[in-house]
Amino acid sequence: MRSVPKARQGSRSSNASSLSRRTLLTGAGALAAGAMAGFGIRPLWANPISLSDGEVQVFSDGNLGLPMNFILPEQTEAEIAALMEPHGLSTTMLTPDCNVTLLRRGDRIALFDVGSGSNFQPTAGELLSGLEEAGVDPSDITDVIFTHAHPDHLWGVLDEFDDPVFSEARYLVPQAEWDYWMADDTLANMPEERKSFVVGAQSRFEAISDQVEMINPGQEVFPGVEALDTSGHTPGHTSYMIHDGSESLLVLGDAISNAVISFERPEWHSGSDQDREKGAQTRKSLLDRLANDQSRIIGYHLPNPGIGRAERDGTAYRFVAES
Ligand SMILES: [Zn+2]
């Protein structure tokens, strides 16, 4: 019998390093300011979902604060208002939750992404608190499986001494994602406001390189878990289908990232996608597939705990959350 998850105020103080904080403040001032708007209350962990041979449990890493003009740079204010206002949502700021999936199967425990750690936004970086409350020691994690290398998914891999947090784990990284972030010209080609993403990804990948195994789409990366190419958000973005007999559950990562925008306007270009057109193509084909096969999904940024299904709604879709 598990205790009821404890709600926590998402306003923990930040001990962000001055370098990362300064990079954010100068390079993306609006992003940093947005972080302050994102105080919310959510449980640090959700009740587990039973599989035939294991269980899935979602942990919260807190939330981000993102200005709408960063997320939807190509839409007019009127278009954004027409979409968001009927849902009672802000037209100027998004405060997406960050949902980290844990999978227990046999004697292994996998985490899909590891949250932001303490150096990105002050409202994020809650994962280790939730694991501790649920009685999971970081050294219990046998596999860390990455969807992509953005700060809110990767930066939590190192502790305050820059040592890997999950000391006993193997780290599974999509080969295309590793190749992109580690390439010589990636930093030079990145827009100024996101250069810190490159520096951050490279330093973390280097720190865990002894424990990294490269993976590719189509591969079974963990018992019953299949890697799926969902590139567009980043060049090597990968989602993971957890098979459970005839059922399946897809860990989306950021391939579908907002419960309203991504479902109702999947064709709109997202400013958070590095290849906006490819991101939209991936989103549309994934939604079509999910609406057909009715797989359960876990979205990293869908409303905590981010579990539900995609349903068709006219020519678009809607997210049906599982309570
Ligand atoms: Zn993300």
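The structure reproduced in this document is the subject of the present report. All values derive from a computational prediction rather than experimental measurement. (Residues numbered from 1 in each chain as written. Predicted model: local features only at pLDDT ≥ 70, side-chain atom pairs only at ≥ 80, totals over all residues. Heavy atoms only, no water.)

Ranked by internal contacts, the top residues of the largest apolar core, which has 51 residues, are L111, I141, F146, F166 and I261. Taken together, the elements giving at least two residues each to this core come down to α3 (68–71), α4 (77–84), β7 (97–105), β8 (108–112), α5 (127–133), β10 (170–174), α7 (175–182) and α9 (195–208). Looking at this core element by element, the count peaks at five residues for α9. Residues contacting F166, with those up to four places away along its chain left out, are L111, V114, L127, L128, L131, P138, I141, V144, G156, Y171 and Q211. V58, I215, V251 and I298 belong to the second-largest nonpolar core, a separate cluster that totals 21 residues. (Core = buried A, V, L, I, M, F, W, Y, C linked by side-chain atoms within 4.5 Å. Buried < 20%, exposed > 50% of the residue type's maximum accessible area, 1.4 Å probe, protein only. Helix = DSSP H or I, 4+ residues; strand = E, 2+ residues; numbered from the N terminus. Contact = heavy atoms within 4.5 Å.)

Among the secondary structure elements, T147 is positioned in the loop between β9 (143–145) and α6 (151–154). A polar contact of 2.7 Å, which involves the side chain of T147, links it to the side chain of D113. Among all residues touching T147, those that are not within four sequence positions of it are D113, H153, P174, G236, H237, T238, Y240 and G253. (Polar contact = N/O pair within 3.5 Å; in protein donor to acceptor, adjacent residues only side chain to side chain.)

Here we come to the layout of surface pockets. Approximately 290 Å³ is the volume attributed to the second largest pocket. L89, L94, T95, P96 and N258 are the residues nearest the centre of the second largest pocket, which is lined by 15 residues in total. (1 Å grid on protein atoms, 1.4 Å probe; cavity = no way out; pocket = protein on both sides within 12 Å on 5 of 7 lines; lining within 4 Å. Points joined across faces, edges and corners; volume = space filled by probe spheres on them.)

The strands that make up a sheet are held in pairs by hydrogen bonds between backbone atoms, and each pair lies either parallel or antiparallel. Strand order in the open sheet formed by seven strands is β3-β4-β7-β8-β9-β10-β11, and the pairing between neighbours is mixed. Of all strands in the sheet, those with a lone pairing partner are β3 (49–51) and β11 (212–215), marking the two edges. The sheet shows a mean angle of 25 degrees between the axes of neighbouring strands, direction not considered. Pairing analysis gives four bridges linking β10 to β11, with the strands arranged parallel. Directly across from Y171, in β11, lies its bridge partner V212. (Pairing = 2+ DSSP bridges. Axes fitted to C-alpha atoms, helices over the stretch in contact; angles between N-to-C directions.)

On to the pattern of salt bridges. Applying the stated criterion across every chain, the model contains twelve salt bridges. The closest approach of N and O atoms between R108 and D143, which form a salt bridge, is 2.9 Å. Taken together, the positions of R108 in strand β8 and D143 in strand β9 put the pair 35 residues apart, joining distant regions of the chain. With a closest N to O distance of 2.5 Å, R296 and E322 form a salt bridge. Residue R296 is located in strand β16 (residues 296–299), and its partner E322 is located in the segment after β18 (316–321); the two are separated by 26 residues in the primary sequence. Judged by its relative accessible area of 28%, E322 is partly exposed. (Salt bridge = Lys/Arg side-chain N within 4 Å of Asp/Glu carboxyl O.)

Overall, the coordinates contain seven aromatic pairs when judged by the stated rule. Between Y180 and W181, the ring centres sit 5.0 Å apart and the planes meet at 75 degrees, which makes this aromatic pair edge-to-face. According to the relative accessible area criterion, Y180 is partly exposed, its value standing at 22%. Between F263 and F319, the aromatic rings sit 5.5 Å apart at their centres with planes inclined by 45 degrees, giving tilted as the arrangement. Of this pair, F263 sits in helix α10 (residues 261–264) while F319 is found in strand β18, placing the two residues 56 residues apart along the sequence. For the pair formed by F263 and F319, the shared burial category is buried. Three or more aromatic residues link up through ring pairs in this structure, and these residues are F120, W155 and F197. (Phe/Tyr/Trp six-rings, centres within 6.5 Å; stacked < 30°, edge-to-face > 60°.)

Further remarks concern the coordination of the zinc ion. Of the protein atoms, only D152 (OD), H153 (NE2), D254 (OD) and H301 (NE2) coordinate the zinc ion, at distances of 2.1 to 2.2 Å. For the zinc ion, the four donor atoms in the first shell make angles of 83 to 170 degrees at the metal, so the coordination geometry reads as irregular. Considered as a linear motif, the donors of the zinc ion on their single chain read D-H-x100-D-x46-H. There is no split in this pair, since D152 and H153 are both buried. (Donors = N, O, S within 2.8 Å, 3.2 Å for Na, K, Ca; no water. Tetrahedral: all angles 85-135°; square planar, octahedral: opposite > 155°, others 65-115°.)

Attention shifts here to helix α11 (residues 276–293). In an α-helix, one turn spans 3.6 residues; hence positions three or four apart end up facing the same way. Taking 1.5 Å per residue as the helical rise, α11 with its 18 residues ought to reach 26 Å, and the 26 Å between its terminal C-alpha atoms agrees with that figure. Within the sequence span of α11, burial applies to G279, A280, T282, R283, L286, L287, L290 and A291. The buried residues of α11 all sit within an arc of 160 degrees when viewed along its axis, so they share a single face. Close packing links the buried residues of α11 with β13 (225–229), β15 (247–253), α10, β16, β17 (307–313) and β18. Directly after α11, the chain includes Q294, whose backbone phi takes a positive value near 55 degrees. (Expected span 1.5 Å × (residues − 1). Arc of directions from axis to C-beta.)

Our next topic: empty space enclosed by the protein. Scanning all chains against the criterion turns up four cavities of 30 Å³ or more. Roughly 350 Å³ of volume is contained in the largest cavity. Lining the largest cavity are 26 residues, with L66, F70, I71, H233 and S272 sitting closest to its centre. Across the lining of the largest cavity, the residue classes break down as 13 nonpolar, nine polar and four charged. (Nonpolar A, V, L, I, M, F, W, Y, C, P; charged D, E, K, R; others polar.)

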